[in-house]
Structure formats: C-alpha cells, structure tokens
Amino acid sequence: QAQLVESGGGLAQAGGSLRLSCAASGRTVSNYVMAWFRQAPGKEREFVATMSRSGSSTKYSNSVKGRFTISRDNAKNTVYLQMNSLKPEDTGVYYCAAGDSSAWLTGLYTYWGQGTQVTVSS
C-alpha cells in the first residue's frame, strides 16, 4: 500500500519555473531520506537532489545546484522540488525516491514513484 506519487510536471519555457510534488502514502517522509532523480530518453538515470531525514541537510548535483531546491512539508507528508531557471537539458522524467538512513551515504533508494514528465522548450 505504500506509494510515492509525483505531480506538477509539464511543459515550460527555458528560463521558466516548475514545482514538482511527491505525495507519500503508507509511509512518513520524515522517517526516510528523500531524493529526486531524472532520466532522459537514451540516457541513464541521474541524481538531482536529496534531503536528510531531519531536513537539516541537502545535496544537489552540480548541474542543478543554485537553480533547484528540495524541500519537505511534514504536515502534508509531501516532498517538493522547486525548479527555477529551467534549461532544455532539464527535460526528462523526474522520479521521487525514498530510502533508509544509509541512502544519504550510499545513494541507494528502496522506494520509487511512477515519474512525472518535465519538458523544457527553448
């Protein structure tokens, strides 16, 4: 019954913004390391951002650092990815992921959402 459901994807112009949401059910996001990944057709899945269980620490890939922000609303049991200054190369399917405490160091996550498409046009 546990699941992660992403939403908020769509089409944006280069330089625009989108906010992705990851709603959790059957689990409490404060008990997990949460992360966002993305994958473009023909490319490997790549790490985007992650947040510690406490929410006090975050990490970002170099390609999105300074443009994207991961956050969490424990009251809504939801994780967000605010994406600003979008570039065409940000296009891809974005996935929400959850892992135990070791995921912060290993980068390995156990639970995954279905993904939401983000398309950025020039």
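Counting restarts for each chain, with residues numbered from 1 along the sequence as it is written. Restriction of local features to residues with pLDDT of at least 70 applies here, the model being predicted, together with a cutoff of 80 or more for giving and counting side-chain atom pairs; totals for whole chains, interfaces and linings are based on all residues. The side-chain quantities take in all heavy atoms of the structure and omit both hydrogens and water.

> Please explain the pattern of salt bridges as it appears in this structure.
Close approach of charged atoms allows side chains with opposite charge to pair. Within this document, salt bridges are pairs made up of a side-chain nitrogen of Lys or Arg and a carboxyl oxygen of Asp or Glu, the two lying within 4 Å of each other. Summed over all chains, the structure comprises three salt bridges. When the shortest N-O distance is used, the salt bridge between arginine 38 and glutamate 46 registers 2.7 Å. A relative accessible area of 35% places glutamate 46 in the partly exposed class. Aspartate 90 is the partner of arginine 67 in a salt bridge, and the nearest nitrogen-oxygen pair spans 2.8 Å. Taken as a pair, arginine 67 in the loop between strand E6 (58–60) and strand E7 (68–73) and aspartate 90 in the loop between strand E8 (78–83) and strand E9 (92–99) lie far apart in primary sequence, 23 residues in all. Salt bridges sharing partners connect three or more residues here, namely Arg38, Glu46, Arg67 and Asp90. Only protein chains enter the calculation, and the probe is 1.4 Å; a residue is then buried if its accessible area is under 20% of its type maximum, exposed if over 50%, and partly exposed in between. Here a helix means four or more residues in a row that DSSP labels H or I, a strand means two or more in a row labelled E, and each is numbered from the N terminus.

> Sorry if this is basic, but what is going on with the pairing of E7 here?
Look at any regular strand and the pattern is simple: side chains alternate between the two faces of the sheet. Burial along E7 is one-sided: the face carrying Phe68, Ile70 and Arg72 is buried and the face carrying Thr69, Ser71 and Asp73 is not. Sheet analysis places E7 next to E8, joined by six bridges and oriented antiparallel. Each bridged residue has a counterpart across the sheet, and for aspartate 73 the counterpart in E8 is threonine 78. Being paired, for any two strands, means DSSP has found at least two bridges between them.

> Which parts of the structure should I look at to understand the pairing of strand E3 (residues 18–25)?
Summarising the sheet, strand E1 (residues 3–7) and E3 pair through five bridges and their orientation is antiparallel. Each residue of the ladder has a partner; that of glutamate 6, found in E3, is cysteine 22. Relative to E8, E3 runs antiparallel, the two sharing six bridges. Considered in E8, the bridge of cysteine 22 is made with valine 79.

> Any chance you could explain the packing of aromatic side chains here in plain terms?
The description of two aromatic rings rests on the distance between their centres and on the angle between their planes. For this analysis, a ring pair means two rings from Phe, Tyr or Trp (six-membered ring only for Trp) whose centres lie within 6.5 Å, classed as stacked if their planes differ by under 30 degrees, edge-to-face if by over 60, and tilted for the remaining angles. Taken as a whole, this structure holds five aromatic pairs when the rule is applied. Ring geometry for phenylalanine 37 against tryptophan 112: centres 5.0 Å apart, planes inclined by 55°, an arrangement best described as tilted. Taken together, the positions of phenylalanine 37 in strand E4 (residues 33–39) and tryptophan 112 in strand E10 (residues 111–112) put the pair 75 residues apart, joining distant regions of the chain. Clustering of aromatic rings is evident, with ring pairs tying together Phe37, Phe47, Tyr109 and Trp112.

> I'm lost on the environment of threonine 119 in this one. Help?
On the secondary structure map, threonine 119 appears in strand E11 (residues 116–121). The exposure class of threonine 119 is partly exposed, given its relative accessible area of 30%. Here the alpha-carbon distance between threonine 119 and serine 56, two residues 63 residues apart in the chain, equals 30 Å. Every residue pair with non-hydrogen atoms within 4.5 Å of one another is taken to be in contact. Not counting residues within four places of it along the chain, the set of residues in contact with threonine 119 comprises Gly10, Leu11, Ala12 and Thr91. In protein, a polar contact requires one atom able to donate a hydrogen and another able to accept it; more generally it is a pair of N or O atoms within 3.5 Å, and residues adjacent in sequence count only if both atoms are side-chain atoms. Within the structure, threonine 119 has its side chain in polar contact with the side chain of glutamine 117 (distance 3.3 Å).

> I'm lost on the side chain of arginine 72 in this one. Help?
Residue position: arginine 72 is located in strand E7. Neither His nor the chain ends contribute to the count of charged residues, in which Lys and Arg are positive and Asp and Glu negative. Although arginine 72 lies buried, it forms no salt bridge, and the closest oppositely charged side chain, aspartate 73, sits 8.4 Å away as judged by the N-O distance. Among the polar contacts listed, one links the side chain of arginine 72 to the backbone oxygen of serine 52, at a separation of 3.2 Å. There is a polar contact of 3.3 Å between the side chain of arginine 72 and the backbone oxygen of serine 54.

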